[in-house]
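Letter by letter, the chains look like this.
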Amino acid sequence: MEPRVFGVESPIFVAIRATLSLSTVALLGILALRWMLLPRYEGPDAPALSAAIARRLPRVLGGIAATALLATLAQLVAQHAAVFGTDAALSRATFVTLLVRADWGRTWWLAFAAASAVGGLAVRLRRPTARAWVAIAVAALALAASQPASGHPAATLHPWRAIIVQTVHLLAGGAWIGTLGALTFVAVPAAVRLPLAPPEHADARVAGLVRAFSPIALGGTAIVAASGLFRAWEGLGSVAALWSSEYGRVLLLKLALLAITLGTGAYNWRRVLPALGEPRASAALHRSARVELAAAVLVLVATAVLVATPMPGE
């Protein structure tokens, strides 16, 4: 019986890469919430709201780090199956080949160390210090850089340029989508549940948070678009490859999903944001933010498929 074929394009491998990317984006979003959004917040009860959000962050960061660490370990098992076959056992020889001799192993160690560091540092945030936050930011940057370093960018004619551009692309995605996730699942619930009077301050807090998020989202969107276009042109090589190659067709799917994400964000900006401060607008924002996040998750899945799809000319 022939051994089962398992490659980087397998659905399980795609799911692992998507989970690692999602964890990275979520981590970057927490950092952007802490360092970019909260300092811009000018709504009511700012000190109390910042303290309430800060109390939630260690547990959230711990969960993100655990997910990233599990995805990293699963990636090692999947890479072993892709290289040596699903019937081969993980031995000392195969372990050394993957993690010591191969370039892929060096980027894996970087991701593993970064995810482990975030998990360990999250515990220290129960008594938050500036040093702990800086260390988490460094680990998040390492985790973000490790992913393009093990994919298509590392195999291009100008690998360092491609890795830098792809890392910037991921960082901007974290500032946009990651911060939206942190806003939706961490900051807004804290703003709604903050036990301070009067009750109408809850909607005013949500409005203030969203207004502080808007320039971050616009900046992140612009960088995502610019870096994405640059990488797409390098990967395709020609406009015709957009529909004549498998890579181009997957990219078109990603762009369609990205258009849904951008369209929902534009709707929030033009229609929902001006009406914020009222209960009905807060409910509409909650619904549209979930749609935007769902489309963004599908964008990450499409990106995980792209990583395993040969670029035109390869």
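Residues numbered from 1 in each chain as written. Predicted model: local features only at pLDDT ≥ 70, side-chain atom pairs only at ≥ 80, totals over all residues. Heavy atoms only, no water.

Visitor: Give me the lowdown on the pattern of salt bridges, citing residues and values where you can.
Guide: Enumeration over the complete set of coordinates arrives at 2 salt bridges. R205 is the partner of D45 in a salt bridge, and the nearest nitrogen-oxygen pair spans 2.9 Å. Residue D45 is found in the loop between helix 1 (11-37) and helix 2 (46-84), and its partner R205 is found in helix 7 (residues 201-236); the two are separated by 160 residues along the sequence. Across the pair D103 and R106 runs a salt bridge whose closest N-O atoms are separated by 1.9 Å. (Salt bridge = Lys/Arg side-chain N within 4 Å of Asp/Glu carboxyl O. Helix = DSSP H or I, 4+ residues; strand = E, 2+ residues; numbered from the N terminus.)

Visitor: Residues and numbers for the packing of helix 6 (residues 159-193) against helix 7, please.
Guide: Interaxial distance between helix 6 and helix 7 falls to 8 Å at its minimum, and their mutual angle equals 160 degrees. Overall, the two elements helix 6 and helix 7 adopt an arrangement that is roughly antiparallel. The two elements helix 6 and helix 7 meet at a crossing, and its hand is left-handed. Taken together, the residues of the contact of helix 6 with helix 7 sort by class into 22 nonpolar, 8 polar and 4 charged. (Axes fitted to C-alpha atoms, helices over the stretch in contact; angles between N-to-C directions. Parallel < 35°, antiparallel > 145°, perpendicular 65-115°, else oblique. Left-handed = near helix turned anticlockwise from the far one by under 90°. Nonpolar A, V, L, I, M, F, W, Y, C, P; charged D, E, K, R; others polar.)

Visitor: Please provide a residue-by-residue account of unusual backbone geometry, values included.
Guide: Negative phi values dominate among residues other than glycine, just as trans dominates among peptide bonds. Here D45, not a glycine, exhibits a phi torsion of approximately 60 degrees, which is positive. On the basis of relative accessible area, D45 is assigned to the partly exposed category, the value being 22%. (Buried < 20%, exposed > 50% of the residue type's maximum accessible area, 1.4 Å probe, protein only.)

Visitor: Describe in detail the environment of A71, supporting the description with residues and values.
Guide: Structurally, the position occupied by A71 is in helix 2. The class of A71 is buried, set by a relative accessible area of 6%. If sequence neighbours within four positions are ignored, A71 has contacts with I16, T19 and L20. (Contact = heavy atoms within 4.5 Å.)

Visitor: Break down the nonpolar core for me, with residues and values.
Guide: Taken as a class, soluble globular proteins show a tendency for nonpolar side chains to be buried jointly. Grouped together as the largest cluster of nonpolar side chains are 67 residues, with contacts concentrated most on L33, L37, I53 and L209. Of all the secondary-structure elements, those providing two or more residues to this core are helix 1, helix 2, helix 4 (103-124), helix 5 (130-146), helix 6, helix 7, helix 9 (246-275) and helix 10 (279-307). With 13 residues, the single largest contributor to this core is helix 6. If we skip the residues at most four places from it in the chain, L37 touches A32, T179, L183, L209, A212, F213 and I216. Grouped together as the second largest cluster of nonpolar side chains are 9 residues, L236, Y247, V250 and M311 included. (Core = buried A, V, L, I, M, F, W, Y, C linked by side-chain atoms within 4.5 Å.)

Visitor: Before we move on, could you go through the packing of aromatic side chains and cite the residues and values that matter?
Guide: Applying the stated rule across the entire model yields 3 aromatic pairs. Considering the side-chain rings of W109 and F112, the 6.1 Å spacing of their centres and the 85 degrees angle between planes classify their relative orientation as edge-to-face. Here W109 pairs with F112, and both are found in helix 4, just 3 residues apart, close to one helical turn. Accessibility expressed as a relative area gives 38% for W109, which makes it partly exposed. A relative accessible area of 25% places F112 in the partly exposed class. Cluster of aromatic residues (ring-pair linked, three or more members): W108, W109 and F112. (Phe/Tyr/Trp six-rings, centres within 6.5 Å; stacked < 30°, edge-to-face > 60°.)

Keep in mind these values describe shape, not function.
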